[in-house]
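Structural description and commentary
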Amino acid sequence: MEDNKKIIASCILETLDENVDINDIYNKIEVPKDKKNGDFSYPCFNLAKILKNSPVNIANKIKEKIVLNDAISKVEVVNGFLNFYLNSNNVVENILKNILTKNSEYGKMNIGNGKNIVFDYSSPNIAKPFHLGHFRNTVIGHALYNIYKELGYNTIGINYIGDWGRQFGLLIEGYKLFKDEYDFSNNVLEVLSDIYVRISALAKEDENVMNKARENFKELENGNEEYYKLWKFFREVSLKEYDRIYDILGVKFDSYNGEAFYNDKMDVVIDTLTKKNVLKESRGAKVVEVGDNMPPCIVLKSNGSTIYATRDLAAIIYRAKTYDFEKAIYVTGSEQILHFKQVFEVAKYLVEEKYQKGLVHVPYGLVRLKTGRMSSREGTVIYIKDLINDAINKSKEILINKNKEVEDIELLSKQIGVGALVFNYLKSNKLKDILFDLDETLRFDGETGPYIQYTYVRTKSILEKSGYVESDFENIKLDLLTNSEEIELVKKLGEFENIIKRAAQDFEPSIIAKYLIDISSLFSKFYNNIKVLETNNEDLKKARVALVYSTGIVIKNGLNILGIETPSKM
Ligand code: ARG
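Residues numbered from 1 in each chain as written. Predicted model: local features only at pLDDT ≥ 70, side-chain atom pairs only at ≥ 80, totals over all residues. Heavy atoms only, no water.

1. Quick look at the overall build of the protein
Test applied: Secondary structure follows DSSP: runs of H or I at least 4 residues long count as helices, runs of E at least 2 residues long count as strands, and numbering of each begins at the N terminus. Only protein chains enter the calculation, and the probe is 1.4 Å; a residue is then buried if its accessible area is under 20% of its type maximum, exposed if over 50%, and partly exposed in between. In what follows, residue pairs with any heavy atoms lying within 4.5 Å of each other are defined as contacts. In these tables, accessible area is a Shrake-Rupley quantity obtained with a 1.4 Å probe, and a residue counts as shielded only by the protein chains included in the view. Under the counting rule used here, the positive set is Lys and Arg, the negative set is Asp and Glu, and His together with the chain ends is not counted. To locate a charge, take atom NZ for lysine, CZ for arginine, CG for aspartate or CD for glutamate.
Broken down by element type, the protein carries 22 helices and 13 strands. Seen through its principal axes, the protein has C-alpha atoms that stretch 85 × 70 × 35 Å. Evaluated residue by residue, the protein yields a buried proportion of 54% over its 570 residues. Contacts in the protein between residues far apart in sequence, at least 24 positions, make up 73% of those at least 6 positions apart. Within the structure as shown, the protein displays about 26500 Å² of accessible surface, and the carbon and sulfur contribution to it stands at 46%. If the 78 positive side-chain charges of the protein are averaged to one point and the 82 negative ones to another, these points end up 3 Å apart.

2. What to know about helix H4 (residues 55–65)
Formally: To obtain the arc, one takes the directions from the helix axis to the C-beta atoms.
Inspection of H4 places Pro55, Ile58, Ala59 and Ile62 among the buried residues, and these make up the whole buried set. Looking down the long axis of H4, one finds its buried residues gathered within 100° of arc, a one-sided arrangement.

3. Considering the site of the ligand
Rules: The near set for a molecule or strand comprises every residue that places at least one heavy atom within 4 Å of it. What qualifies as a polar contact is a pair of N or O atoms within 3.5 Å, subject to a donor-acceptor requirement within protein and to the restriction that residues adjacent in sequence count only when both atoms come from side chains. Each residue receives one of three labels: charged for Asp, Glu, Lys and Arg, nonpolar for Ala, Val, Leu, Ile, Met, Phe, Trp, Tyr, Cys and Pro, and polar for the others, Gly being one of them.
Looking at the ligand, the residues that line it are Asp120, Ser123, Asn125, His134, Tyr160, Tyr308, Asp312, Tyr330, Thr332, Gln336 and Phe340. Asp120 has a polar side-chain atom sitting 2.8 Å from a nitrogen atom of the ligand. With respect to the ligand, the side chain of Asp312 contributes an N or O atom lying 2.7 Å from a nitrogen atom. Burial of the ligand by the protein amounts to 91% of the accessible area it has alone, namely 350 Å². At the level of secondary structure, the elements contributing two or more residues to the shell around the ligand comprise helix H12 (308–323) and strand S9 (327–333). Partitioned by chemical class, the residues of the shell around the ligand number four nonpolar, five polar and two charged.

4. Notes on the environment of Leu369
Mapped onto the fold, Leu369 is located in strand S11 (residues 367–369). The class for Leu369 is buried, based on a relative accessible area of 18%. A sequence separation of 67 residues divides Leu369 from Phe436, and the C-alpha atoms of the two residues are 5.1 Å apart.

5. Points about the layout of surface pockets
The cut-off we apply is this: The pocket and cavity definitions rest on a 1 Å grid over protein atoms only: a 1.4 Å probe that fits but cannot leave marks a cavity, an open set with protein on both sides within 12 Å along at least five of seven lines marks a pocket, and residues lining either have an atom within 4 Å of a point. Grid points are joined across faces, edges and corners, and a volume is the space filled by probe spheres set on the points.
Roughly 1100 Å³ of internal volume is contained in the second largest pocket. As for the second largest pocket, its lining consists of 39 residues, and the residues nearest its centre are Lys5, Ile111, Glu497, Asn498 and Lys501. Elements with a minimum of two residues in the lining of the second largest pocket: helix H1 (2–14), helix H2 (22–26), helix H20 (496–505) and helix H21 (510–529). For the lining of the second largest pocket, the element with the most residues is H20, which contributes seven residues. When grouped by side-chain class, the residues that make up the lining of the second largest pocket number 14 nonpolar, six polar and 19 charged.

6. Some remarks on the environment of Ser10
You can see Ser10 is positioned in helix H1. For the pair formed by Ser10 and Asn187, sequence separation is 177 residues and the distance between their alpha carbons is 64 Å. A polar atom in the side chain of Ser10 sits 3.2 Å from the backbone oxygen of Ile7.

7. What about the confidence of the model for the protein?
This is how it is decided: One number per residue, pLDDT, summarises how confident the predictor is, and it ranges from 0 to 100.
Per-residue pLDDT for the protein has a mean of 92; in total, 97% of the residues score no lower than 70. Segment residues 372–380 is flagged for pLDDT under 50; beyond a separation of four residues in sequence, or across chains, it makes 16 contacts in the model.

8. Let's talk about the packing of helix H15 (residues 384–401) against helix H16 (residues 409–427)
Stated precisely, the cut-off is as follows: What counts as an axis is a line fitted to C-alpha atoms, over the stretch in contact for a helix, and the angles between N-to-C directions run from 0 to 180 degrees. Angle categories are assigned with fixed cut-offs, so that under 35 degrees is roughly parallel, over 145 is roughly antiparallel, 65 to 115 is roughly perpendicular, and the rest are oblique. Two helices that cross are described as forming a left-handed crossing if the nearer one is turned anticlockwise from the farther one by less than a right angle, and a right-handed crossing if clockwise.
Their axes nearest at 8 Å, the elements H15 and H16 cross at an angle of 120°. The angle between the axes of H15 and H16 places the two elements in the oblique class. Regarding H15 and H16, the two cross each other, and that crossing is right-handed. Note on element contacts: H16 touches H15 through Ile409, Glu410, Leu412, Ser413, Lys414, Ile416, Gly417, Val418, Leu421 and Tyr425, opposite Leu387, Ile388, Ala391, Ile392, Ser395, Lys396, Leu399 and Ile400. Of the residues that constitute the contact of H15 with H16, the class distribution is twelve nonpolar, three polar and three charged.

9. Side note on the pairing of strand S2 (residues 72–78)
Defined as follows: Paired strands, as defined in this entry, are two strands with at least two bridges between them according to DSSP.
Sheet analysis places S2 next to strand S3 (residues 81–86), joined by six bridges and oriented antiparallel. Counted as the bridge partner of Glu76 is Asn83 from S3.

10. Focus on the pattern of salt bridges
Where side chains of opposite charge bring their charged atoms close, a pairing between them can arise. Spelled out, the test is: Throughout this description, the term salt bridge denotes a Lys or Arg side-chain nitrogen within 4 Å of a carboxyl oxygen of Asp or Glu.
Under the counting rule described, the total for this entry stands at 31 salt bridges. Glu508 is the salt-bridge partner of Lys430, the closest N and O atoms lying 3.7 Å from each other. Placement of the pair is Lys430 in the loop between H16 and strand S13 (434–435) and Glu508 in the loop between H20 and H21, with a sequence separation of 78 residues.

11. A word on the environment of Gly258
Note on placement: Gly258 falls in the loop between helix H10 (225–249) and helix H11 (267–275). Residue Gly258 is classed as buried on the basis of its relative accessible area, which comes to 1%. Spatially, the C-alpha atom of Gly258 lies 18 Å from that of Lys218, the residues being 40 residues apart in sequence. The residues contacting Gly258, other than those within four sequence positions of it, are Asn159, Tyr160, Ile161 and Asp163.

12. Examining unusual backbone geometry
A positive phi is found at Asn113, a non-glycine position, where the angle reads about 50°. Secondary-structure assignment places Asn113 in the loop between helix H5 (88–102) and strand S4 (116–120). With a relative accessible area of 56%, Asn113 lands in the exposed category. Located in the positive-phi region is Ser122, a residue other than glycine, with phi close to 75°. With respect to the helices and strands, the residue Ser122 is situated in the loop between S4 and helix H6 (132–150).

13. A look at the sheet that holds strand S6 (residues 279–282)
On the basis of which strands lie adjacent, the open sheet formed by three strands has the order S6-S7-S8 and antiparallel pairing. Each having just a single partner strand, S6 and strand S8 (297–300) make up the two edges of the open sheet. Taking each pair of neighbouring strands and ignoring which way they run, the sheet shows an average axis angle of 45°. When strand S7 (residues 285–288) meets S8, the two strands line up antiparallel, connected through three bridges. By the bridge assignment, Lys286 is partnered in S8 with Leu300. Contacts between H11 and the sheet are confined to S6, S7 and S8, with S8 contributing the most and set at about 115° to the helix.

Structure follows, in structure tokens:
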């Protein structure tokens, strides 16, 4: 696909007398959403400025003069756009050759030029078990991290864990009161969580307990050694438990600098805002006005202590300095939309404009079980650990019931179970609330992870049966692929790069998930209608197997970006 863009750009350039940089043309070439408008389209608007003529005139002139290469069948002018149609034989050939040559690199681009993008995701509040909401956060963040990496950015994953704040004063109080009732040798995180729930309930009833919690936290902030040790203990056991989940998911972070890391980095926030005279007194608190449409952003509470927003502001300064980021992306539930709007507004007083403009909040919707909202505040908590185990066990059951002979059933049921969960979370539009249903998620047919994985496995087994190996595809007659099922599938495979770009632009991994569903159903249609292995024409067979193999490559690369493994048998 990229090669065709180059061809088109140079064909256009050759029609121009003026000195225009080929990249200025190349970068503007688009892939129209509707194929009626061609395979590629070039808007003549930027040339209009350079050539001081109307886009329509320029488009017509170019069309008159252009000499088409045999990869392109025709060009049309529509409202200042030049629409290019590829020669369909060439389309098939170009796309498949491109996939076969690039193989696992197919989909990788160099748009980002190695520039830094920071991703703040997962970020659970520690001392509480990981629940469904954070799981959604983790898989969306991880997919976005991979998507931008695919575009050629240097991506930095930050797990901004919630390891600071008054809840630690509470937890310390709870620990003091209840520790003798528990066994800390096992499931420590669940123990801590239990303590937290109990002490929170107590503090709600008894103002004294709440005051003690406040004092505890103040002392922790001031460096009380005993409390600091406790805090470290809470943090360590929590992280150890989370890491087990991240390991299963294959998620890694480049930094675990969470809220506590910014405890000693907030003075500069207050100083700068004070110096710029934007810190105002409001009912005892210190706030910054952020426009008429939003309440002001509180930076210091009336008792002088810092809050969530203050730490986020300190983190923006730190990240701008440390990573010189092009973008800083924050993945959280949509209940934090206002928080980030306020914080990003205040950031304009603290960092250079280019950094402030690069701040992006990516909110996502709720995860519901059939029985109401999923939250650590309201009883119905489902721990991710249990959910993952359930998914793996159920996959194993399904495999056993299907009488599948597999080499390593533990590995396979893990790949299927975890893949199913991740895919389920990524396939719907991120802002949509999702209703979680494990059985639905694990189905081997329908729009599920196992279905996509299974399609991949089918491509592998067809390849195996055919007896061809990769090197056989160096010499193939791809122009033999002329059936509509074949051409449709190939064209879809050719959209991969564009799909990744759209997913990046909209911060929407579901675009890739949906694309993989499309590929899988086009593949089924192709494979049901065309007897790939049953032709005597060896060249045709080879070309078709090459298409099967290419489909496998695209599915594998796509799943990989979403953070899902591809089993080799299933
Ligand atoms: N710990 C927060 C929560 O669980 C999410 C943190 C998001 N990141 C940030 N920089 N504020 O709600």
